[in-house]
Amino acid sequence: MSNITNGIKWIVDKLRKDQSPDGSWNYPFETGISTDAYMIILLRTLEINDEELIRGLCKRILNQQEKNGAWKLFYDEKEGNLSTTLEAYYSLLFSGYYCKEHQSLQAAKKFILAKGGLKNVSTFTKIMLAITGEYKWPSRSSLPIEVILLPPLFPVNFYSFSVFGRANLTPIMILAAKKFSIRTKYTPNLTELHLKRDEEEQWNYSNEWRSILSSIEDGVKRLVGIPKELRNLALKRAEKYMLDRIEPDGTFYSYFSSTFLMIFALLSLGYKKSDSIITRAIEGIKAMKCKIEGFPHMQYTTANVWNTSLISFALQSAGMSPEDPMIKRANDYLLKRQHQKFGDWVIHNPNSLPGGWGFSDVNTMNPDVDDTTASLRSISRISPPELAAWNSGIRWTISMQNDDGGWPAFEKNTDSKLLTYLPLEKGEFLLIDPSCADLTGRTLEFFGNYTNLSRNHPIIAKGISWLLNNQQKNGSWYGRWGICYTYGTWAAITGLKAVGISSSHPSIQKAVKWLYSIQNDDGGFGESCYSDIKNEYIPLKYSTLTHTSWVLDALISVSDKPTPAIRKGMVHLLDSLDKNDWTTAYPKGQGMGGAFYIHYHSYRYIFPLLALSHYQKKFQE
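Within each chain, residue numbers correspond to sequence positions counted from 1 in written order. In keeping with the model being predicted, local features are shown solely for residues with a pLDDT of at least 70 and side-chain atom pairs are shown and tallied solely at 80 or more, while totals for entire chains, interfaces and linings include all residues. Based on all heavy atoms of the structure, the side-chain values leave hydrogens and waters out of the count.

Visitor: Sorry, what's going on with the overall build of the chain here?
Guide: A run of H or I in DSSP counts as a helix once it spans at least four residues, and a run of E counts as a strand once it spans at least two, with each numbered from the N terminus. Secondary structure assignment for the chain yields 25 helices and five strands. For this analysis, residues touch if any pair of their heavy atoms sits within 4.5 Å. Relative to all contacts within the chain whose residues are 6 or more apart in sequence, the contacts with residues 24 or more apart total 74%. Counting only carbon and sulfur atoms, one obtains 51% of the accessible surface of the chain, whose full area is about 24,000 Å². Charge counting follows a simple rule: Lys and Arg are positive, Asp and Glu are negative, and His as well as the terminal groups are ignored. A single reference atom marks each charge: NZ on Lys, CZ on Arg, CG on Asp, CD on Glu. If you average the places of the 70 positive and of the 62 negative side-chain charges in the chain, the two averages end up 1 Å apart. Per-residue accessibility takes into account occlusion by the displayed protein chains alone, with areas from the Shrake-Rupley method and a 1.4 Å probe.

Visitor: Mind showing me how you'd approach empty space enclosed by the protein here?
Guide: In this approach, a probe sized like a water molecule rolls over the atoms, and the result shows the empty space that is left. The rule is simple: put a 1 Å grid over the protein atoms alone, call a set of points where a 1.4 Å probe fits but cannot get out a cavity, call an open set with protein on both sides within 12 Å along at least five of seven lines a pocket, and count a residue as lining if it has an atom within 4 Å of a point. Grid points are joined across faces, edges and corners, and a volume is the space filled by probe spheres set on the points. Taken as a whole and assessed by the stated rule, the structure comprises four cavities of 30 Å³ or more. Here the largest cavity is characterised by a volume of approximately 380 Å³. Surrounding the largest cavity, 24 residues form its lining, F29, F359, F410, W481 and Y600 being those nearest its centre. Elements with a minimum of two residues in the lining of the largest cavity: α14 (369-379), β4 (589-592) and β5 (596-600). A breakdown of the residues in the lining of the largest cavity according to their chemical character gives 15 nonpolar, six polar and three charged. The residue classification treats Ala, Val, Leu, Ile, Met, Phe, Trp, Tyr, Cys and Pro as nonpolar and Asp, Glu, Lys and Arg as charged. All others, Gly included, are polar.

Visitor: What is the right way to read the packing of aromatic side chains from this model?
Guide: Here the distance between the centres and the angle between the planes together describe a pair of aromatic rings. Here is the rule: rings of Phe, Tyr and Trp (six-membered ring for Trp) pair when centre to centre is within 6.5 Å. Planes less than 30 degrees apart are stacked, more than 60 are edge-to-face, and the remainder are tilted. By the definition in use, this model includes 43 aromatic pairs. Relative to Y603, the ring of W550 lies with its centre 6.4 Å away and its plane at 75 degrees, an arrangement referred to as edge-to-face. One end of the pair, W550, is in helix α22 (residues 545-558); the other, Y603, is in helix α25 (residues 603-619), and 53 residues separate them in sequence. Across the pair, Y603 and W550 agree in class, each one buried. Taken together, the ring pairs in this structure connect F29, W306, F359, Y487, W490, W550, Y600, Y603 and F607 into an aromatic cluster. Put simply, a charge is over a ring when the Lys NZ or the Arg CZ is close to the ring centre, within 6 Å, and near the line of the ring normal, within 35 degrees. Above the ring of F313, the side-chain terminus of R377 is found at 5.5 Å from the ring centroid. Burial classes: relative accessible area under 20% of the type maximum marks a residue as buried, over 50% as exposed, and values in between as partly exposed (1.4 Å probe, protein chains only).

Visitor: I tried to follow the side chain of D438 on my own but got confused; where do I start?
Guide: Structurally, the position occupied by D438 is in helix α17 (residues 437-450). Definition of a polar contact: a pair of N or O atoms within 3.5 Å, with one able to donate and the other able to accept a hydrogen when the atoms are protein atoms, and with sequence-neighbouring residues admitted only if both atoms are side-chain atoms. For D438, the side chain forms a polar contact with the main-chain nitrogen of W481, separated by 2.9 Å. If we ignore the near neighbours within four places in the chain, the residues touching D438 are Y478, G479, R480, W481, G482, Y487 and A491.

Visitor: What should I look at first to understand the environment of K541 in this one?
Guide: On the secondary structure map, K541 appears in the loop between α21 (530-534) and α22. By relative accessible area, which is 67% here, K541 ends up exposed. It is 9.7 Å that separates the C-alpha atoms of K541 and Q519, two residues lying 22 residues apart in sequence.

Visitor: Looking at this structure, I do not really get helix α18 (residues 458-469). What am I missing?
Guide: The α-helix advances 3.6 residues per turn, and as a result positions three or four apart in sequence lie on the same side. By this rule the span expected of a helix is its residue count minus one, scaled by 1.5 Å. For α18, spanning twelve residues, the distance from its first C-alpha to its last is 16 Å, which sits close to the expected 16 Å at 1.5 Å a residue. Residues I459, I460, G463, I464, W466 and L467 constitute the buried set of α18. Axial view of α18: buried residues confined to an arc of 160 degrees, hence all on one face. Away from its buried face by more than 90 degrees, α18 exposes P458 and N469. Against the buried residues of α18 lie α15 (387-399), α17 and α19 (485-498). Regarding the arc, it is the one traced by the directions from the helix axis to the C-beta atoms.

Visitor: Just checking my understanding: could you explain the pattern of salt bridges for this structure?
Guide: Two side chains bearing opposite charge may form a pair once their charged atoms approach each other closely. The salt bridge criterion pairs a side-chain nitrogen of Lys or Arg with a carboxyl oxygen of Asp or Glu, the two atoms within 4 Å. Per the counting criterion, the structure on display carries 21 salt bridges. For the salt bridge of D244 with K240, the shortest nitrogen-to-oxygen distance reads 2.6 Å. Residues joined in a network through salt bridges with shared partners are R166, R245, D344 and E411.

Visitor: Explain unusual backbone geometry here, please?
Guide: The bulk of non-glycine residues show a negative phi, and the bulk of peptide bonds are trans. Backbone torsion omega between I483 and C484 reads -10 degrees, so that peptide bond is classified as cis. Within the secondary structure, C484 is located in the loop between α18 and α19. Even without a glycine there, the phi angle at S254 is positive, about 65 degrees. Its place among the elements puts S254 in the loop between α9 (227-243) and α10 (256-268).

Visitor: Where do I start with the pairing of strand β2 (residues 289-292) in this structure?
Guide: In regular strands, side chains alternate between the two faces of the sheet. Along β2, the buried face is formed by C290 and I292; none of K289 and K291, which line the opposite face, is buried. Direction of pairing for β2 relative to strand β3 (residues 295-298): antiparallel, over a ladder of four bridges. Note on β3: the bridge partner recorded for K289 is M298. In this scheme, strands are said to pair when DSSP sees at least two bridges between them. Between β2 and β3, which pair antiparallel in sequence order, lie two residues; one of them, E293, sits at a positive phi of approximately 55 degrees.

Visitor: I'm lost on the sheet that holds β4 in this one. Help?
Guide: Pairing between the strands of a sheet is mediated by backbone hydrogen bonds and can be parallel or antiparallel. As summarised here, the arrangement of the three strands in space is β1-β5-β4, forming an open sheet in which the pairing is antiparallel. Among the strands making up the open sheet, the edge pair consists of β1 (29-30) and β4. In this sheet, β5 lies alongside β1 in antiparallel orientation, the contact comprising two bridges. Of the residues in β5, the one forming a bridge with E30 is H599.

Visitor: Teacher, can you tell me more about the nonpolar core here?
Guide: Note that soluble globular proteins tend to have their nonpolar side chains buried in a common cluster. Throughout, nonpolar core names a set of buried Ala, Val, Leu, Ile, Met, Phe, Trp, Tyr and Cys residues whose side chains join them through atoms within 4.5 Å. Membership of the largest hydrophobic core comes to 199 residues, with the highest contact counts inside it found for L15, M39, L42, L190, F264, L315 and L612. The element best represented in this core is α25, accounting for ten residues. Beyond its immediate chain neighbours, meaning those up to four positions away, L612 contacts I4, G7, I8, I11, M570, L573, L574 and L577.

Visitor: I would appreciate a short explanation of the side chain of D18 in the present structure.
Guide: Relative to the assigned elements, D18 resides in helix α1 (residues 4-18). A distance of 2.6 Å separates polar atoms of two side chains, one belonging to D18 and the other to Y27. Sequence-distant contacts of D18, defined by excluding residues within four places in its chain, comprise W25 and Y27.

Now the structure itself:
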């Protein structure tokens, strides 16, 4: 693009064209090929012969195979990912359209065997294999179903897990208790991939978890009741937990993984494949299908609320009036999506009323802090203001502050380090919901720039203190829900600035120095997904639109005038706006480090628009 005004206009025109009739933006929430593989396995196991969908998913999976036969989670993931490759291989066989002699599957098999076979795949992949009869359930469950009966005061209890953890663990605990497996005429035989006979040892319980598990089992023994009756009571309570949290579209919390697991858990409890609760769940996850480059993709969830709140806010930051029809439609959509129900968040936050927003189009009971502040930013300029929605949203956000001063995503004070010993790879991403720099920074930015909350208010002071105390030694902050240190540092800097922290503050100066140090020769910025695997900043060595925008926006917020590095970054950003290559599709978000990465198709428009408009407003007006 020739200049900033043209760049902004290009993005605005694109967003106007892509808005859905209901006012939302339904850009894809892309998460690799695992959900596609699991959908094939699910449909074939339930003998739902949706051949068009199965063939399309197979084509998408094969289209993403690497030359060495593997599949990757992200572009620079060295040789490939074993678990993802096994899931692709298994699903292609399961489809019935490919046999083991197929050239692509031969290459995949070779990679799987070279990496140690089934014993080295992730725990979640092993659970899927156990459900479908290709792996042996452990004789001793890693988390007995009776944990759901333990009182809240017990060190490890059902509600000490994060809501995302409970959503996935509840059906897993049912399936493990029942040792359920189901085979059909379509089920492939993976015997040749078992390189070790003793599968019991392959669930990898650590000594720490064995000790915690013994403590849980001791707690279970102290429950009053006959063991068999306690087991039945626990199964009933787990079943009720799932059924009470089914969204209007039939999905369990609107997540693909929890819905997939729930379907099999219900089968293990005696439900039939044809029961309406199961057929509705199937239709619900089918409805989350999108198309990417001509291929169907099963989204893990939809991102409509997140996309819409961020896009509407970015457009208004670029000068668009809240009275513009595009913004009015977006805000009407958002106001209809504000939550009125109590969700699990009330367990740890019993003194607040509903008022948050969730992430997906159908989310009605699982709000999160980030979507709430993003939605509030979008509706903040409505005239006259929607006071009821505004006030309840702010009250809910304030009430969600953790005792340590930071903000979590979904639930307050669910940060028990004991849970990270559960034998799930990267369990800290699934099982706990701690304060994090991205959430805390963005929440402070909202309070500082969009409300009259005093900068001396204890809520603000505690949030500032949490950020300052959790800065990395190199000056960066770790961002939990994005990739990764650039994301957290952008959120922390802009948040601290919004609540009155001076650009000359030592923490800000240290962060700015770090950001300048990681600029690429072309003026842009880029960070590898390896950052959240290795727990340190790992450069991508290539620039991406989104990473460049995050860093530029942070630097703009603390600079009195555009530095040479900012100018160079802006030139790169403008030159790259319409770029469409692997760097554009590189994941900028994550759900579980090392396992679950997200390519938000909306980010290439949202964050460049923010950086461009903030630059123009601060330095060119």
